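# Coordinates in review
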Amino acid sequence: MLRLPEYRYHRPTRIAEVQALLAEHGAEARVVAGGTDLIPNMKHRLFEPAHLIGLSAVEELRGVTVDDDVLDIGAATTLDELGRNAEVRRHAPALAEAARHVAGPQIRNRGTIGGNLCLDTRCTYYNQTEFWRTALGFCLKKDGDTCHVTRVGKKCVAAHSADTPPVLMVLDAEVDGVGPSGPWTHAVKDLFVADGIHNTRLEAGDVVTRIRVPISAARRCVYRKLRQRQAVDFPLLTVAVAATRVDGGWSDLRGVVTGLGSRPRWISGWDRIFGGGPLDDEGIDELAQRAWAQCHPLENMIVDPEWRRAMVPVEVTRALKELRAREG
C-alpha cells in the first residue's frame, strides 16, 4: 500500500487567499485542484509538500461563459463539465472531445482543465515507487544525475502527456493567471518549454485562473489520441489539426503532436507544403510525411518508440481526412 506523506490541507474560497497561503508557505506548498496527478505522485514520493492548497472551493475559478467571441473557461472546471458543456461542444468541439478522452469517468469528474494544462511530464523511469527508483539509482528528473532514457547528456526527456493542450494551441487559446508579480497571460502555444523536469513557463507562486479560446465560425479542429486501451491510459501520441474554411478549400492549416517529447510539438513546414485550397489525398500524404520526419520518440514509455513514430503519419492522415470531411 502506498501511503501519502503528512501534509496540512487548506481550503480557501478566494484567489486572494490562495496567493496569501502560497506567499506564507513558499516552496513547502503546492496548489491542488482535482489531485488526479499530484496525489499519486505524492504517494510515490515524487512530491512531498507540507501544505496543500485546495482550489475546489474557489468559485471564481469555475464555469464556462461566452464573452465577446471568446470561450472563457475557469481553470477549476472539471474535465467532465468541459466535455459536456453545450457552449464548448458548440464552439470548440475538439476541446470537448479531448476532455472526454482523458482517463476514465472517475478521473474526469475530479480532474480539471487547469490541472490538465499543467500536467507533470511522465517517464518509465520516473513514475515509479520510491523503492523502485531507489533500486535504479534515481533519475535526472528526481534525486539522480543520470537520464536512463538517453544514457548520455544532462537533459530530462520525460514526455508531455496531457490531452487538451494540443487543441488549445491550434485554436490560439490563451491562459490567464496570477503570481507574486501580479496578473499574467501566456499564449498556450508559448507556455511550454523543452525541459522534462519543469516544462512550462509557470514560476513559483503562479496559479492558473482562466483559459480563453477565440471563437471562429470558420475554424475547424480535429483531435486524435493513440493509446493501448480506449480508456484510462495516457496517450502514446495525440494529434490536433486545425484550419479555416474558405471558398475553394482551406487556409491557415496547422498541427501539433504530443506524447513524444517534453512539450507539445508544432509541425513545421506545413505552410510551405500547403498554401491553401482543397485538401487532396496527395497533399495529405505529403503533410503526414512531413510530420513523420520531425518526430523521433524516445524510450520514455513502455511502448516501442519506432512503432510510435510509425503511427505519426497514420494518425495525422486520419486527422486531416476527418478535417476535410468537415467542409460544411
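Scroll up for the structure.
The following refers to the structure shown. Just so it is clear, the structure is predicted and the values come from calculations on it, not from any experiment.

### Topic: the overall build of the protein
In terms of regular secondary structure, the protein is built from 12 helices and 12 strands. At 20 Å, the protein has a C-alpha radius of gyration in line with the 20 Å of a compact globule built from 328 residues. Overall, the protein is about 60 × 50 × 35 Å in size when its C-alpha atoms are taken along their principal axes. For the protein, the proportion of its 328 residues judged to be buried stands at 52%. Long-range contacts, defined here as pairs at least 24 residues apart, represent 63% of the contacts in the protein between residues at least 6 apart.

### Re the side chain of Arg133
Mapped onto the secondary structure, Arg133 falls in helix H8 (residues 130-136). For the buried Arg133, no salt bridge exists, and the shortest N-O distance to an oppositely charged side chain is 4.0 Å, to Asp143. Once residues within four sequence positions are removed from consideration, Arg133 is found in contact with His44, Arg45, Leu46, Tyr125, Tyr126, Gln128, Phe138, Lys142 and Asp143.

### Here's the deal with the layout of surface pockets
In this approach the atoms are scanned with a rolling probe the size of a water molecule, which exposes any empty space left behind. Quantified by volume, the second largest pocket comes out at close to 480 Å³. Ala194, Gly261, Ser262, Arg263 and Arg265 are, among the 21 residues lining the second largest pocket, the residues nearest its centre. Of all the elements in the fold, those that place two or more residues in the lining of the second largest pocket are strand S11 (249-258) and strand S12 (265-266). Class assignment of the residues belonging to the lining of the second largest pocket gives a composition of 12 nonpolar, five polar and four charged.

### Description of helix H1 (residues 15-25)
Given 3.6 residues per helical turn, the α-helix brings residues three or four places apart onto the same face. Turning to H1, its buried residues are Ile15, Val18, Leu21, Leu22 and His25. One face of H1 carries all of its buried residues, which in axial projection span an arc of 120°. Those residues of H1 that are exposed and angled more than 90 degrees off the buried face are Ala23 and Glu24. Those residues of H1 that are buried are in contact with strand S1 (8-10), strand S2 (29-32), strand S3 (51-54), strand S6 (174-179) and strand S8 (207-214).

### Some words on the packing of aromatic side chains
Overall, the coordinates contain one aromatic pair when judged by the stated rule. The residue whose ring lies beneath Lys141 is Tyr126, and the NZ or CZ to ring-centre distance is 4.7 Å.

### Side note on the sheet that holds strand S10 (residues 237-246)
Pairing in this open sheet of four strands is antiparallel, and the strands run S9-S10-S11-S12 from one edge to the other. Edge positions in the sheet fall to strand S9 (219-226) and S12, since each has one partner strand and no second. Sheet strands in contact with helix H12 (residues 305-324) are S9, S10 and S11, and its direction is about 150° off that of S9.

### Notes on empty space enclosed by the protein
Enumeration over the complete set of coordinates arrives at one cavity of 30 Å³ or more. Looking at the largest cavity, its volume works out to about 70 Å³. For the lining of the largest cavity, the per-class residue count stands at 10 nonpolar, one polar and one charged.

### Observations concerning the pairing of S9
Where a strand is regular, its side chains alternate between the two sheet faces. Among the eight residues of S9, seven are classified as buried, and the element is accordingly described as predominantly covered. Here S9 pairs with S10 via eight bridges, running antiparallel. Bridge pairing links Leu226 to Leu237 in S10.

### Some words on a negative patch on the surface
Side chains of Asp280, Glu282, Asp285 and Glu286 sit close together on the surface and give a patch of like negative charge. Here Glu282 shows up in helix H11 (residues 281-294). Glu282 sits in the exposed class, given a relative accessible area of 67%.

### Observations regarding the nonpolar core
If you look at the biggest cluster of nonpolar residues, it comprises 37 residues, and the most contacted ones within it are Ile73, Leu95, Val167, Leu168, Ile211 and Val213. The leading source of residues in this core is helix H5 (residues 93-100), at five residues. Of all hydrophobic cores here, the second largest spans 29 residues; its members include Val239, Ala243, Leu253 and Val316.

### Here's the deal with the sheet that holds S8
The pairing of strands in a sheet comes from backbone hydrogen bonds and takes either a parallel or an antiparallel form. One open sheet accounts for five strands, arranged S4-S5-S8-S6-S7; its pairing is antiparallel. In the strand order of this sheet, the two ends are held by strand S4 (64-66) and strand S7 (182-187), each with one partner. Strand-to-strand twist across the sheet, computed as the mean angle between neighbouring axes with direction ignored, equals 20°. Note that strand S5 (residues 70-74) and S8 share five bridges and pair antiparallel. Residue pairing for S8: Ile73 is matched across the bridge by Ile211. Contacting S6 and S8, H1 runs over the sheet at an angle of about 135° to S8.

### Regarding the packing of H11 against H12
Between H11 and H12, the shortest axis-to-axis distance is 8 Å and the interhelical angle comes to 145°. With respect to the hand of their crossing, H11 and H12 are arranged in right-handed fashion. Along the contact surface, H11 presents Asp281, Ile284, Leu287, Ala288, Gln289, Ala291, Trp292 and Ala293, while H12 presents Arg309, Val312, Pro313, Val316, Thr317, Leu320, Lys321 and Arg324. A per-class count over the contact of H11 with H12 returns 10 nonpolar, two polar and four charged.

So, how was this worked out
Residues numbered from 1 in each chain as written. Predicted model: local features only at pLDDT ≥ 70, side-chain atom pairs only at ≥ 80, totals over all residues. Heavy atoms only, no water. Helix = DSSP H or I, 4+ residues; strand = E, 2+ residues; numbered from the N terminus. Rg over C-alpha atoms; globule rule 2.2 N^0.38 Å. Buried < 20%, exposed > 50% of the residue type's maximum accessible area, 1.4 Å probe, protein only. Contact = heavy atoms within 4.5 Å. Lys, Arg positive; Asp, Glu negative; His and termini not counted. Salt bridge = Lys/Arg side-chain N within 4 Å of Asp/Glu carboxyl O. 1 Å grid on protein atoms, 1.4 Å probe; cavity = no way out; pocket = protein on both sides within 12 Å on 5 of 7 lines; lining within 4 Å. Points joined across faces, edges and corners; volume = space filled by probe spheres on them. Nonpolar A, V, L, I, M, F, W, Y, C, P; charged D, E, K, R; others polar. Arc of directions from axis to C-beta. Phe/Tyr/Trp six-rings, centres within 6.5 Å; stacked < 30°, edge-to-face > 60°. Lys NZ or Arg CZ within 6 Å of the ring centre and 35° of its normal. Pairing = 2+ DSSP bridges. Axes fitted to C-alpha atoms, helices over the stretch in contact; angles between N-to-C directions. Patch = residues over 30% accessible without salt bridge, like charges linked within 9 Å, V, L, I, M, F, W, Y side chains within 5 Å. Areas by Shrake-Rupley, 256 points an atom, 1.4 Å probe, with all protein chains shown as cover. Charge placed at Lys NZ, Arg CZ, Asp CG, Glu CD. Core = buried A, V, L, I, M, F, W, Y, C linked by side-chain atoms within 4.5 Å. Left-handed = near helix turned anticlockwise from the far one by under 90°.

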